[in-house]
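# Breakdown of the fold
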Amino acid sequence: MRLAGIEAPDIQQQPWGHAAKQQLEATVNSKTVTLELDGQPDKFGRQWAYVWQNGKLLNEQLLKEGYVLWDGRSRDRKYDERLEKAQAWARIMGRGVWDVKQPMRQTPTEFRQMAGVGSREWGQGGQGE
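Conventions adopted
Residues numbered from 1 in each chain as written. Predicted model: local features only at pLDDT ≥ 70, side-chain atom pairs only at ≥ 80, totals over all residues. Heavy atoms only, no water. Helix = DSSP H or I, 4+ residues; strand = E, 2+ residues; numbered from the N terminus. Buried < 20%, exposed > 50% of the residue type's maximum accessible area, 1.4 Å probe, protein only. Contact = heavy atoms within 4.5 Å. Areas by Shrake-Rupley, 256 points an atom, 1.4 Å probe, with all protein chains shown as cover. Arc of directions from axis to C-beta. Core = buried A, V, L, I, M, F, W, Y, C linked by side-chain atoms within 4.5 Å. Expected span 1.5 Å × (residues − 1). Phe/Tyr/Trp six-rings, centres within 6.5 Å; stacked < 30°, edge-to-face > 60°. Polar contact = N/O pair within 3.5 Å; in protein donor to acceptor, adjacent residues only side chain to side chain.

Turning next to the overall build of the protein chain. Looking only at helices and strands, the protein chain has four helices and six strands in total. Counting helices and strands in the order they occur from the N terminus, the protein chain gives β-β-α-β-β-β-α-β-α-α. Residues counted as buried form 42% of the 129 residues belonging to the protein chain. Of the contacts made within the protein chain by residues no fewer than 6 positions apart, 66% connect residues no fewer than 24 positions apart. If you sum the accessible surface of the protein chain, you get close to 7300 Å²; carbon and sulfur atoms cover 49% of it.

Moving on to the side chain of Asp42. Position of Asp42 among the secondary structure elements: in the loop between strand S3 (34-37) and strand S4 (48-53). Apart from the residues lying within four places of it in its own chain, the contact partners of Asp42 are Arg2, Trp48 and Arg75.

For the rest of this paragraph, the subject is helix H4 (residues 108-115). All of the buried residues in H4 are Pro108, Phe111 and Arg112. For H4, the angular spread of the buried residues around the axis is 95°, confining them to a single face. Away from its buried face by more than 90 degrees, H4 exposes Gln113 and Met114. Considering only its buried residues, H4 is in contact with strand S2 (6-7) and strand S6 (69-70).

Moving on, we get to the nonpolar core. Ile6, Tyr50, Leu57, Leu63, Val68, Tyr79 and Leu83 are the most contacted members of the largest nonpolar core, which totals 18 residues. Looking at this core, the elements with two or more residues in it are helix H1 (16-28), S4, helix H2 (58-64) and helix H3 (80-93). The residues contacting Leu63, other than those within four sequence positions of it, are Gly5, Ile6, Val68, Leu69, Trp70, Leu83, Ala86, Gln87 and Ala90.

In this section: H3. Helix length check: H3 (14 residues) gives 20 Å between terminal C-alpha atoms against 20 Å at 1.5 Å per residue, within 8%. Turning to H3, its buried residues number three or more, namely Asp80, Leu83, Ala86, Gln87 and Ala90. Taken end-on, H3 shows its buried residues confined to a sector of 130°, consistent with a single buried face. Opposite the packed face of H3, turned more than 90 degrees from it, sit the exposed residues Glu81, Lys85 and Ile92. Buried residues in H3 make contact with S4, strand S5 (56-57), H2 and S6.

This paragraph deals with the packing of aromatic side chains. Following the criterion strictly, the structure yields two aromatic pairs and no others. Both rings, one in Tyr50 and one in Tyr79, keep their centres 4.7 Å apart while their planes meet at 75°; by these two values the pair is edge-to-face. With a gap of 29 residues between them, Tyr50 in strand S4 and Tyr79 in the loop between S6 and H3 connect regions that are remote in the sequence. Residues Trp52 and Tyr79 carry aromatic rings whose centres are separated by 5.8 Å and whose planes lie at 65° to one another, so their mutual orientation is edge-to-face. Residue Trp52 is located in strand S4, and its partner Tyr79 is located in the loop between S6 and H3; the two are separated by 27 residues in the primary sequence. The same class applies to Trp52 as to Tyr79, namely buried. Among the aromatic side chains, those forming a connected cluster through ring pairs are Tyr50, Trp52 and Tyr79.

Let us now look at the side chain of Glu36. Of note, Glu36 is situated in strand S3. In this structure the side chain of Glu36 is engaged in a polar contact, spanning 2.9 Å, whose partner is the side chain of Trp52. Of the polar contacts made by the side chain of Glu36, one reaches the side chain of Lys78; its length is 2.7 Å. With sequence-adjacent residues up to four places away left out, Glu36 is seen in contact with Trp48, Ala49, Tyr50, Trp52, Lys78 and Tyr79.

Below is the structure:
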């Protein structure tokens, strides 16, 4: 499963990768979520989805808290404006990867290219497995 509309730091991209994974796990933590699928699976067979919990869009929440970056490659683009605004808020507020004391200097894609770690995000299965 991949979270649509976001790009998560690679797990090796510390401290942001581990923090993003922990936040998602803590938020979901065996609670019921609703998946809103976004198009067809990617080339690795992973389905893209928007994740809802108690009326909140978790993809958006992760952006607003600065754990992930907005990725405008979602297939239906229905939440792009909402997600982009969440990232803008996190950036203005200096949250997470936007913290001026410890900013993330490479996008996850740039990090994976430089480190040669391929397209792994949060383990072998992808984001939020």
